[in-house]
Structure formats: C-alpha cells, structure tokens
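Summary of structural features
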Amino acid sequence: SLSAGLDLPGRFLFATLTLMTLIAILVFIEEAVYIYRKIPSSKASIIIWINAAAPVISTTSCIGMWVPRSTMFTDFTAGIFFAIVIHKFLMMMVKECGGQKMLLRRFENGHFTISTGPCCCCCLCLPRVPITRQTLFWLKLSTFQFAVFRPVLIFLSIVLWTNGNYVLYNLSPKGPALWISCFIGALTLFALWAVGIMFRKVRILLKCKNIIPKFALYQFIVILNQLQTTIINIVATQKIIPCAPPLSSRARGSYIGQQLLIMEMFLITVVSRVVYRRKYHDLEPLECVAEEPGDEKQPP
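Here is what the cut-offs are and how they apply
Position numbers for residues count from 1 along each chain, tracking the sequence in the order it is written. Under the rules for a predicted model, residues below a pLDDT of 70 receive no local features and side-chain atom pairs below 80 are neither given nor counted, while totals for whole chains, interfaces and linings still include all residues. No hydrogens and no water enter the side-chain calculation; it runs on all heavy atoms of the structure. Interaxial angle, 0 to 180 degrees, is taken between N-to-C directions of lines fitted to C-alpha atoms, where a helix line uses only the stretch in contact. Strands here are runs of E lasting at least two residues and helices are runs of H or I lasting at least four, both read from the DSSP assignment and numbered beginning at the N terminus. For classification purposes, angles smaller than 35 degrees are called roughly parallel, those larger than 145 roughly antiparallel, those between 65 and 115 roughly perpendicular, and all remaining angles oblique. Each crossing gets its handedness from the near helix: less than a right angle anticlockwise from the far helix is left-handed, clockwise is right-handed. Contacts are residue-level and defined by heavy atoms, with any inter-residue pair within 4.5 Å sufficient. What a helix should span is 1.5 Å times the count of its residues minus one. Note on exposure labels: buried denotes an accessible area under 20% of the residue type's maximum, exposed denotes more than 50%, and partly exposed covers the range between, all computed with a 1.4 Å probe on protein chains only. Two aromatic rings, drawn from Phe, Tyr or Trp (for Trp, its six-membered ring), form a pair once their centres lie within 6.5 Å of each other, and the interplanar angle then sorts them: stacked below 30 degrees, edge-to-face above 60, tilted otherwise.

**As for the packing of helix α6 (residues 176-202) against helix α7 (residues 211-237)**
- It is the contact of α6 with α7, at a shortest axis distance of 12 Å, that shows an interaxial angle of 165 degrees. With respect to α7, the element α6 is oriented roughly antiparallel. As for the relative orientation of α6 and α7, their crossing is left-handed in sense. Between α6 and α7, the contacting residues are Leu192, Val195 and Phe199 on the first element and Ile211, Ile212, Phe215, Tyr218 and Val222 on the second.

**Some thoughts on helix α5 (residues 133-162)**
- The end-to-end C-alpha distance of α5, which contains 30 residues, comes to 44 Å, matching closely the 44 Å that a straight helix rising 1.5 Å per residue would cover.
- Within α5, the full set of buried residues consists of Thr135, Leu136, Leu139, Lys140, Thr143, Gln145, Phe146, Ala147, Arg150, Leu153, Ile154 and Ser157.
- Those residues of α5 that are buried lie in contact with α3 (71-96), α4 (100-106), β1 (111-112), β2 (129-130), α6 and α7.
- Looking one or two places after α5, you find glycine 164, whose phi comes out positive at around 85 degrees.

**Quick notes on the packing of aromatic side chains**
- Going through the model one piece at a time under the given rule, you end up with ten aromatic pairs.
- Aromatic side chains phenylalanine 137 and tryptophan 138 sit 5.7 Å apart centroid to centroid with 65 degrees between the ring planes, which places their arrangement in the edge-to-face category.
- Given a relative accessible area of 47%, phenylalanine 137 falls into the partly exposed group.
- Given a relative accessible area of 48%, tryptophan 138 falls into the partly exposed group.
- Ring centres of phenylalanine 215 and tyrosine 218 lie 5.4 Å apart, and the angle between their planes is 40 degrees; this geometry places the pair in the tilted category. With phenylalanine 215 and tyrosine 218 both in helix α7, this residue pair falls three residues apart, about one helical turn.

In structure tokens form, the structure reads like this:
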C-alpha cells in the first residue's frame, strides 16, 4: 500500500491530517448536539446538514488519502452530499425568514434580481421577477433537481465505470465521461444561481442572523470542493504535476487535492462552529421591514 512506502515526514503528515479529520468530526458532533438541543426542530436538521458538509468532505478525502483506489467512490460520496447541502442552504434562508408564507408577506411587492452569478452576472438587462409562490417554487426546484439528478448521474457513472466504459480523465466526445460531466456542470450552475438569487434578496433582512458569514463559508466549500479540485485534476491530466513513483501524475494530483481539502475543511468546520453557535436576534416585525431600494415598502 501507499502508506507502507512512506518515510518519516510522510507518516507524520498522514498522522497530522488524520488527526485533523478526527477533530473535525468531534467538533461537528458536539455542534450537532448543541443545535439539536437549542434550536427549534424545524431549523435544526437543516443547519446540521449544512454544518456536516465540511467534516464529510474531510472524511472522504482522508479515506481517499489512505486508500488511493477508493478515490472515485469517496469523490462521488462527497459530491452527492454536497448536492444535498446546496438545497438545504436555500431552505435555511427561507426558514430564517420565518418560512415560505412569512417570506412572501415580507416581500409581497418585492422582486428577485436574476442578473446574478454564476449564470447571469453579466446580463444586467434581464428583468426583475416578482416574488410570488410560483417563483419561489422554481428557486426551490432549481436546487432540488441538483440534489436528485446528481446522485442519479453519479450512480450511472459508477455502473459504467465497473463495466469499463467510464474513464474519469477520458474527455473524448465518444466517451460518456465528457457528457456526464457537462450535464452535472449545467445542473450545478442552475442550483448555485438559485441560491445566489435568494441570498441577494434576503441578505439585508437576515443581516441580524449573520447570513453573510454563513454564505461566505458556503461559497468557500463550493470553490474549494468544486473549482479547486477541477483545476488540480486538469493540471494533473496535462502532467504539469510531476509523477513520483509509485504515484502517477494524475494520482499525485488527486493525492495533493485530498490533503488540501482535509486542511481547508478542518478550518471551515472550526469557523462554522463559531458562526452558527452565536445567539441571534429575532427578525423585526413586518411593520418595521422596508424593501431594498427600488422596491415598494411593505404596508403595515
């Protein structure tokens, strides 16, 4: 195995990263117990899911570091969990506004700004969409479809991989890897777009709930788990990362990505505990809530 050929610094690094993963898991368990006891059950499960994102990714990366042949399965597991967390984050913003009915009352005459990232940040000419039950349903559907279809596509990839038809680094148009990756990428963009639209609308209202630091942590997980991993894989595929026997260039790229994710997710787990554990003020009554500039004010 890989660990058997490690020198003393390598073993120390493996031990340190494994310890960081274990600490992240313990911090999350302690935080989950606190949330379950102190926060109403309607929001507790959603917040626990969101807080679990970093320790789960750290755990899958640690397993992939110790067992390199399991990398495909650990990456797929982290991908499935990440898809669910995106939907949960959107639902958390709705819950923090008091639920769907209260959100619609607070923004009765408001509009969603759809010219936001990652899909339409440059399309400033797009019209603003009224906030209705229907538009809220489409935002929820945009994240829910990602939580449903990404596990299905990942399961299909595993089936094709076991049959020898799916090769992760084979981006030939004749192979399924390119088309499945493009489809997952499109679904990801739509889901992130929906979360961005909702955040842009509620960020002022939920400022007392520290929604901006929470969204920043969520964005860090997105960037590190998706963009960073993709960049490292591309660099490794081009053999810019030199091989180091017994690791090939691609295996070493995956190996480096997993080690970085363990350290990054450990830090995010610790910071999340601080951000989500604070006691926040309740929202202002409806009579005191004003819309963002450009929207009509709420009637008393």
